[in-house]
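Coordinates in review
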Amino acid sequence: MWTSPLTHRFAIALTFAAAVAGAAYLWWHRGEAPRPRYVLVNETDRHDFDLAFRMSLKLAEQKSGIENALVLLPHLPPGRTIEETAAEQFSKFRIGQRRNGRGILYLYSARENLMKIEVSYALEGDIPDVVCRRLEEAAKTYMLSEVPQDFISELIITTNLRGLGSRDQVDPAAPPSWLNAEFLSGGAGALVGGYRRSLEDYDRAIRHLPDSQLGAYTPSTDVGATVQRYLMSLGLGIGDPRLPLLTQGSRIFRAVVPRDEAQQKRIFEFLQAATPHRLLFAGDLALLVPQPGKSNLPLVLRRGTDDLWYVDEPKAWTYFHRFENDVNFHVKYADNEFLPALRAMGTPNANSTVYGQHVRTPPRPAYPFALPEVARALEERARVAPGDPAIRAALGDLYLFEMNWISKAIEWYEGAEALAPHDLAYHWRLMDLYLNASRADKSLQELKFLSEHLPDDRQTRQWYEFYKREYDFDR
């Protein structure tokens, strides 16, 4: 019997409703609460990244058809091993059952600093134990970093790519050889208590790193030579923050957010796939632009007063952005010096900027300069003038644009916003910082505030409504 599309959709809806009702009855009959669609269990006392964790699980499942679940514990249950606990959690939540037996559980226990990846039988051929062991070992280092969510996101991407059969595109993560226990001495329970260190702590740790062959990675008066040396370091998977061709802020950035060999090689492969690159110049900056349709940020270089070209990694992250649903990068600010040239090239997304005229980039000091001394001087000014929000904002900008040290930039900008709550520029900056720190709840709060205080700004209101829907995991 023929039915109209509308009748057919109604029948599907009734079937779905009946299925939901039946599932609810079974859950009720067993005395259990309904299981969430995206399983995140976080029993630690740190919940900054919960929304971002759940979004990573959602996006991975949408792209791979694999159900991913994440369980974060403050410690293992008494008398239980990480392996036993993972098996119990996998069975408890029936991971992969609604995806034809394709499921992955990531279990992390903070006190012991242990990660266990439990893979369903259907995926064992694509994600063997040897791969899981290497990823679990890498977690001992990277879960102590400034934004552990970044490692979790990378972990989920890596395992799901392998689950799709993309073995040649992924290398299991491993701690970089220069990163030793002295450098990351956060100790057990770092996730629970948070991991904060001072600029001097990082600087001392970097000086004490093992010696390596750095002479091949010096800056050059020829920007092309600096580019080639930098690309060579990526191709070899070198994450050492002491490379001489890096700006001092880039070295701190690499110390705060460690780079593993697999991540560096993946960046290199993306850049290689995006050749031929275009090289643009604007004042003391140069920009290496990948071809359209290739997933990467452009490479920013900075010419010093010594006439040498340095790679400025923080600028790539602070001047540009790449959204999850677009392989092409976006320009963040309307005062970006490369914007006219990018538009003339017909670069995708260059006709508009993420933040428009709402907030601008800070003045850029001549390089090189003594970055720790500048930070200390500004912090002393903030101590002497505790009621001046502009000093706190200047410190936030220093940590953000020179180092991409997100947690320190947030700390100072939150202080500026508290002193001047009606200055929308501070809210814009914090919205961006929270977004890049994977603190989605805070970013949404700032975006809501901005949409309410900019009633005629249609784009800002649309952003807020869009992100509010995306982070509604019950839909």
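Sequence order as written defines the numbering, with residues in each chain counted from 1. Side-chain atom pairs in this predicted model are given and counted only at pLDDT of 80 or more, local residue features only at pLDDT of at least 70, and totals for whole chains, interfaces and linings cover all residues. To get the side-chain values, all heavy atoms of the structure are used, and hydrogens and water are removed first.

Observations regarding the pairing of strand E5 (residues 278-282)
Inspection of the sheet shows E5 paired to strand E6 (residues 285-289) by five bridges, in the antiparallel sense. Considered in E6, the bridge of phenylalanine 281 is made with alanine 286. Hairpin connection, E5 to E6: the antiparallel pair is bridged by two residues, and glycine 283 has positive phi, about 60°. Strands pair, by our definition, only if DSSP identifies at least two bridges between them. Helix and strand assignments come from DSSP, with helices taken as H or I runs of at least 4 residues and strands as E runs of at least 2, each series counted from the N terminus.

Looking at the pairing of strand E4 (residues 114-119)
Looking at chain direction, strand E3 (residues 103-109) and E4 are connected through six bridges and run antiparallel. When the bridges of E4 are listed, tyrosine 108 appears paired with methionine 115.

Focus: the sheet that holds strand E7 (residues 299-303)
Strand-to-strand pairing in sheets goes through backbone hydrogen bonds, with the strands running parallel or antiparallel. One open sheet holds the four strands; their spatial order is E5-E6-E7-E8, and the pairing between them is antiparallel. A strand with exactly one partner marks an edge of an open sheet, and here the two such strands are E5 and strand E8 (309-311). The mean inter-strand angle of the sheet, taken between neighbouring strand axes irrespective of direction, is 25°. Note on method: axes are straight lines fitted to C-alpha atoms, helices fitted across the in-contact stretch only, with angles between N-to-C directions ranging 0 to 180 degrees.

Observations regarding the environment of aspartate 335
Mapping aspartate 335 onto the fold places it in the loop between strand E10 (330-331) and helix H12 (339-344). Each C-alpha atom, one on aspartate 335 and one on glycine 356, is 8.4 Å from the other, the two residues being 21 residues apart in sequence. Polar side-chain contacts of aspartate 335 include one of 2.9 Å to the side chain of threonine 361. Two N or O atoms count as a polar contact when they lie within 3.5 Å, although within protein this holds only if one can serve as hydrogen donor and the other as acceptor, and sequence-adjacent residues are included solely when both atoms are side-chain atoms.

Things to note about the sheet that holds E4
Pairing is mixed in the open sheet, where four strands are placed in the order E1-E2-E3-E4. With partners counted over all chains shown, the strands left at the sheet margins are strand E1 (40-42) and E4, one partner each. Averaged over all pairs of adjacent strands, the angle between strand axes in this sheet comes to 10°, irrespective of strand direction.

Some details on unusual backbone geometry
Cis peptide bonds are those with omega within 30 degrees of zero, and the linkage from threonine 275 to proline 276 qualifies with 0°. Inspection of the secondary structure puts proline 276 in the loop between helix H10 (261-273) and E5. Residue proline 368 is bonded to the preceding tyrosine 367 through a cis peptide linkage, with omega at 0°. Within the secondary structure, proline 368 is located in the loop between H12 and helix H13 (371-384). Non-glycine residue arginine 94 carries a positive phi angle of around 50°.

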